[in-house]
Structure formats: structure tokens, C-alpha cells
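Observations on the three-dimensional arrangement
Okay, here's what each chain looks like letter by letter:
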Amino acid sequence: MWGYFCLLAFLLILFIEIVFSIMVSTALEKQAADRITAIGKEVESEISRPYGLEILIARNRKEGVEVLLINGDWQVVAPKDYYENAEAHRSFQDIKTRFIVNEDIGFWEVYRTADAVNYVSKVEYAGAPHYLYISYSIKIVRDTVGNLQLYMLLIGVAVFLLAFLISLALSQKLTRGLKTMSDTAVLLAKGDYGVEFTNLDYKELAKLSDTLNYVRDEVKKSGDFQREILANVSHDLKTPLTMIKAYASMIKEISGDNKEKREKHLQVIIDEADRLTGLVNDVLSVSKLQSNIAALNLKVFNLTELVYGIINKFGYLQESLGYTIMVDIDANMYTRADSEKISQVIYNLLGNAANYTGEDKTVYISLKSSMDAKRVRFSVRDTGKGIAKEDLPEIWNRYYRVKENHVRPVKGTGLGLNIAKAILDNHSFDYGVDSEVGKGSVFWVDFPAVPADPENC
């Protein structure tokens, strides 16, 4: 960046130098042309006064302007002290061969030669045509331009050196902050979550520091969640594996010949194996859904029947644990989605409500059409402790679990809500949770309402 800045400064100074040189040279040449034109007009006005003409010619000669009055025989009439043969003058031949010989009295023109700016005109003097020739050496202009160019070059060098030093200081200040942030990022990558990104020198770097601090917090949080879920999964794996091993040993050593005990012990092994299968399926489901590996199989189905079917799976909670499931469900509500994955969503939401409902062990389920009949809202409400406002954005996280020590009637790994979120995100359905501490929570999903006939969808 510093090199590019110096190159840019150099090119800008070079451009300014060139433009200035051209502009000054052009302006000075124009001034010279205007000047000799003014002198020419002044001499023409004094041409009838020989004494005044000689004074005017002498004054201009001191300023580097040559003024000659030439007769038709190409002899210099004025100034009187001019002794050079006019016929041999390097500019007279040009006057003769150009146009002025054939022009009328009063004609004048300014033109440029290699080393001078010239003014010529045809005038009447002493009753006869004469030629007025005025020349201003361009060398004076060139010397002036050269001096100005030298001054500009010195100024340009000074400006470039100043820009060089300022850009060097700024680049070191900027890169010092970036290097500090880079070193801090390396520490973060190595697992040091106590690092702090700070840079208040520049607004952009300050914003980047805030972003990196946010990333640090999220990575730390994710690491904590991963360790927590690993502990949960390890515990959930350890228990059924221990049970399977224990009951397999019991069958081998105790109940192998006792059909009743053997069947009972085998059922425990089957139940624990199912529990392991569910745990593995949950982990795989999260990975597939968040990697968009599992494609959606969209079709129209009866959402009402689907919800009732899932409620029936929770009948054991009512029969053996005293749970109450209150329903308010409209008949024959249809939607278009992947019915298998939506079943998983509803099952997870019901299981979550059953796990966290209050002491009354009541879960409220609703499936109602909207007023415009374009949506069907499914909601499930518990009467538990509710969720704090700051925790609401986190509950859908794959590693998040409310830290409460209580018995959960529906076993899980803490992945249920994350699985539901991934499925609903893939469907682009609206969903959310409303909760108030001490009054329970309501999880809801809006499904698109469609006719029962798939051809009309």
C-alpha cells in the first residue's frame, strides 16, 4: 500500500509538472504574441512622427524587442543606426516570399518561427508602402519556462519527499495495527479465547476489531456447546451400552433358560438399542440438514391427520405418567411440504413441550387456519418456567440446552430444536417462539394452506 501510494504521488506530481510546463509555455507565447501586436499597433500610430518612432524603437530594443521599418527596396528606414543589409536579414526573405508584398496597406499578421514570435504589417510611410517588422526572441520565453520548470521540479521533489515520509508513517501505523490483529488472530486460532481485538486508530479497523471479538465470542460459545453436547452424547451412549452389556450378560448367565425373564431382558436390550439408534439418527439428521444433503420430497398431505398421528405416539405419557394433552385442531387442513421431515419437526416440538411443561403436566396443541385461509398455524404450548429473553435466540442452536436438572419424560440429546430449525429453514417456513418467564412457552410454525387436490396447488 505504501509503495502504491508513493507511485501515485510520483505520477500525480509528474502529471502536474507536464501540464504546468505546457500551460505556462503556451501562456507565455500568447503573452509574447499579444505584446508584439500591441507594440506593432503603437509603432503604426507613431509612424508619421519620425522622432517619436525612433524613441519607441529604442525603448523596445532595450526590452529585447526588435522593431524595423523597411522600404520597398528592402532597406531599413528605422532605426537610423541599423547598418545590417536588410536584404540579408534572415527574416526579410520570409516576409518577401509569404504574402505581405502582395497585400494592401493595413494588412498585418503575427506568426511564429523556430526562435521568435514575429509581427509584420504593410504600412504607408512618407507616401510610399513600407514594411513594419517586429520580432521578439522566444529564447526569453524558453528561459522563463525553464526557470519555472526548475522551481516546479524542486517543489515537486519536496512534495514527493513529504508524501513519502507521511505515507511511510501512516503505513507503519496502519500495518502495526493489522499486524497486532493478525498476531491476536493466531492466538485465537490456537484456542486462546481470552484475547481481545482492539484498534481505535481507524474507524474501519475498529469495526473489524468488533467483528473479530464477536467471532471470538461465538467460537468460544460454540466450543463450550460442543463440549457440553459431547458430554451429553457420551453420557447418553454410555448408559444404553452399559444396559445392553449388563442384560446380555444376565441372559447368558441367569435367564437363558427362563423364557419369561429372557424375553424381559431382551426387550430391555431392544429398547436401549432403539435409544442408541435414535441418538445416532439425530446427530446424522443435523449434519445432513445443515449440509443440505437431504433433499425435500414435497407433496400435498393432510396436516390434521399428521398431527393427530404424532399425538397418538405420546399416548404413553398420558397413560403412564399422568400427562394431559389439550388439542384445538381444525379438520382437514392441507399443506405442501416434505411430510416425513415435518413429522420430525412436530414430534420434536411436542417432545420439547412435554420435557419442559409445568407441574400440571399439561401440553396445549393447536392447528388453526388464518383469517385469510392462506396459512395454517401449528402451535404447542407448555406451562413451564419459560425462557429468558436473552436466551430465546439461542434455543435453536444445535449445542444449546437449558441448564435445568429435572427428569425428561422424552429422552433426547438437545438436538431436537436444531433439527426442527434446519428443516423449517429448508422449507422457508415462518416459525418462532413466544415465551415469558414463569408462564411457559409457545412454539409455532406457519404452514402454507393448499387445497386437498394436488393439481390445484
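In every chain, residue numbers begin from 1 and rise along the written sequence. Side-chain atom pairs in this predicted model are given and counted only at pLDDT of 80 or more, local residue features only at pLDDT of at least 70, and totals for whole chains, interfaces and linings cover all residues. Values reported for side chains reflect all heavy atoms of the structure, with hydrogen atoms and water molecules removed beforehand.

A word on the nonpolar core
- Ranked by internal contacts, the top residues of the largest apolar core, which has 41 residues, are Leu 303, Ile 342 and Ile 365.
- Secondary structure follows DSSP: runs of H or I at least 4 residues long count as helices, runs of E at least 2 residues long count as strands, and numbering of each begins at the N terminus. Contributions of two or more residues to this core are made by helix H7 (303–313), strand S7 (324–329), helix H9 (339–356), strand S9 (362–369), strand S10 (375–382), helix H10 (416–427) and strand S12 (440–448).
- Of the residues forming this core, the biggest block, seven residues, is contributed by H9.
- Sequence-distant contacts of Ile 365, defined by excluding residues within four places in its chain, comprise Val 307, Ile 311, Ile 325, Met 326, Val 327, Asp 328, Ile 329, Leu 350, Phe 378, Ser 379 and Val 380. Residues belong to one nonpolar core when they are buried, are Ala, Val, Leu, Ile, Met, Phe, Trp, Tyr or Cys, and are joined through side-chain atoms within 4.5 Å. Under the scheme applied here, a residue whose accessible area is under 20% of the maximum for its type counts as buried, over 50% as exposed, and between as partly exposed, the area being computed with a 1.4 Å probe on protein chains only. Residues count as neighbours in contact if any of their non-hydrogen atoms are within 4.5 Å of one another.

Considering the pattern of salt bridges
- A pairing counts as a salt bridge when a side-chain nitrogen of Lys or Arg comes within 4 Å of a carboxyl oxygen of Asp or Glu. Within the structure shown, the criterion is met by eleven salt bridges.
- In this structure, the salt-bridge partner of Lys 41 is Glu 44, at a minimum N-O distance of 4.0 Å. One end of the pair is Lys 41 and the other is Glu 44, both in helix H1 (residues 2–46) and three residues apart, which spans about a single turn.
- Classification of Glu 44 by relative accessible area gives partly exposed; the value is 23%.

Let's talk about the sheet that holds strand S11 (residues 430–436)
- Pairs of strands are assigned from DSSP output, requiring at least two bridges between the strands. The five strands are arranged S7-S9-S10-S12-S11 in an open sheet whose pairing can be described as mixed. Edge strands, defined here as strands with exactly one partner in the open sheet, are S7 and S11. The average undirected angle you get between the axes of adjacent strands in this sheet is 15°.
- Across seven bridges, S10 lies against S12 in antiparallel orientation. Looking at the pairing, Val 376 lines up with Phe 447 of S12. Working convention: axes come from line fits to C-alpha atoms, limited for helices to the stretch in contact. Angles between N-to-C directions cover 0 to 180 degrees.

Regarding the packing of H9 against H10
- At a minimum axis separation of 9 Å, H9 and H10 run at an interaxial angle of 145°. Crossing of H9 against H10: the hand is left-handed. Contact with H9, carried on its side by Lys 341, Ile 342, Gln 344, Val 345, Asn 348, Leu 349 and Asn 352, involves Gly 416, Leu 417, Ile 419, Ala 420, Ile 423, Leu 424 and His 427 of H10 and no other residues of that element.
- In the scheme used here, Gly and all other residues not listed as nonpolar or charged are polar, with Ala, Val, Leu, Ile, Met, Phe, Trp, Tyr, Cys and Pro taken as nonpolar and Asp, Glu, Lys and Arg as charged. Its residues assigned to classes, the contact of H9 with H10 shows eight nonpolar, five polar and one charged. Handedness of a crossing follows from how the near helix is turned relative to the far one, being left-handed for an anticlockwise turn of less than a right angle and right-handed for a clockwise one.

Side note on H10
- One less than the residue count of a helix, multiplied by 1.5 Å, gives the span that helix is expected to have. The end-to-end C-alpha distance of H10 is 17 Å, a good match for the 16 Å that twelve residues give at a rise of 1.5 Å each.
- For H10, the set of buried residues is Gly 416, Leu 417, Asn 418, Ile 419, Ala 420, Ala 422, Ile 423, Leu 424 and His 427.
- The positive-phi residue at the C-terminal boundary of H10 is Ser 428, with phi of around 60°.

Examining the packing of aromatic side chains
- The rule is short: rings of Phe, Tyr and Trp, with Trp giving its six-membered ring, pair when the centres are within 6.5 Å, and they are stacked under 30 degrees, edge-to-face over 60, tilted in between. Scanning the entire structure with this criterion turns up five aromatic pairs.
- Between the aromatic rings of Trp 108 and Tyr 119, the centroid separation amounts to 5.6 Å while the plane-to-plane angle is 25°, which identifies the pairing as stacked. Of the two residues, Trp 108 sits in strand S3 (residues 108–112) while Tyr 119 sits in strand S4 (residues 116–125), which places them eleven residues apart along the sequence.
- Ring plane angle 40° and centroid distance 5.0 Å describe the contact between Phe 314 and Tyr 347, whose orientation is recorded as tilted. Of the two residues, Phe 314 sits in the loop between H7 and helix H8 (315–320) while Tyr 347 sits in helix H9, which places them 33 residues apart along the sequence.

Comments concerning the sheet that holds S4
- The five strands lie next to each other as S2-S1-S5-S4-S3, forming an open sheet whose pairing is antiparallel. Each edge of the sheet is formed by a strand with only one pairing partner; in this case those strands are strand S2 (76–78) and S3. The sheet shows a mean angle of 30° between the axes of neighbouring strands, direction not considered.
- Across two bridges, strand S1 (residues 65–70) lies against S2 in antiparallel orientation. The partner of Ile 70 across the bridge, within S2, is Val 76.

Section: unusual backbone geometry
- With phi around 55°, Ala 126 is a residue other than glycine that occupies positive phi space.
- As for its position among the elements, Ala 126 is in the loop between S4 and strand S5 (128–137).
- Taking the relative accessible area as the measure of exposure, Ala 126 reaches 74% and is therefore exposed.
- Residue Lys 361 is not a glycine yet carries a positive backbone phi of 50°.
- Structurally, Lys 361 can be placed in the loop between H9 and S9.

With respect to the packing of H7 against H9
- Two numbers describe how H7 lies on H9: the axes approach to 10 Å, and their chain directions differ by 45°. Put simply, H7 runs oblique to H9. At the point where H7 passes H9, the crossing takes the right-handed sense. Contact residues: Leu 303, Leu 306, Val 307, Ile 310, Ile 311 and Lys 313 in H7; Ser 339, Ile 342, Ser 343, Ile 346, Tyr 347 and Leu 350 in H9. In these notes the angle categories are as follows: under 35 degrees is roughly parallel, over 145 is roughly antiparallel, 65 to 115 is roughly perpendicular, and the rest is oblique.

The values are spatial; any link to function lies outside them.
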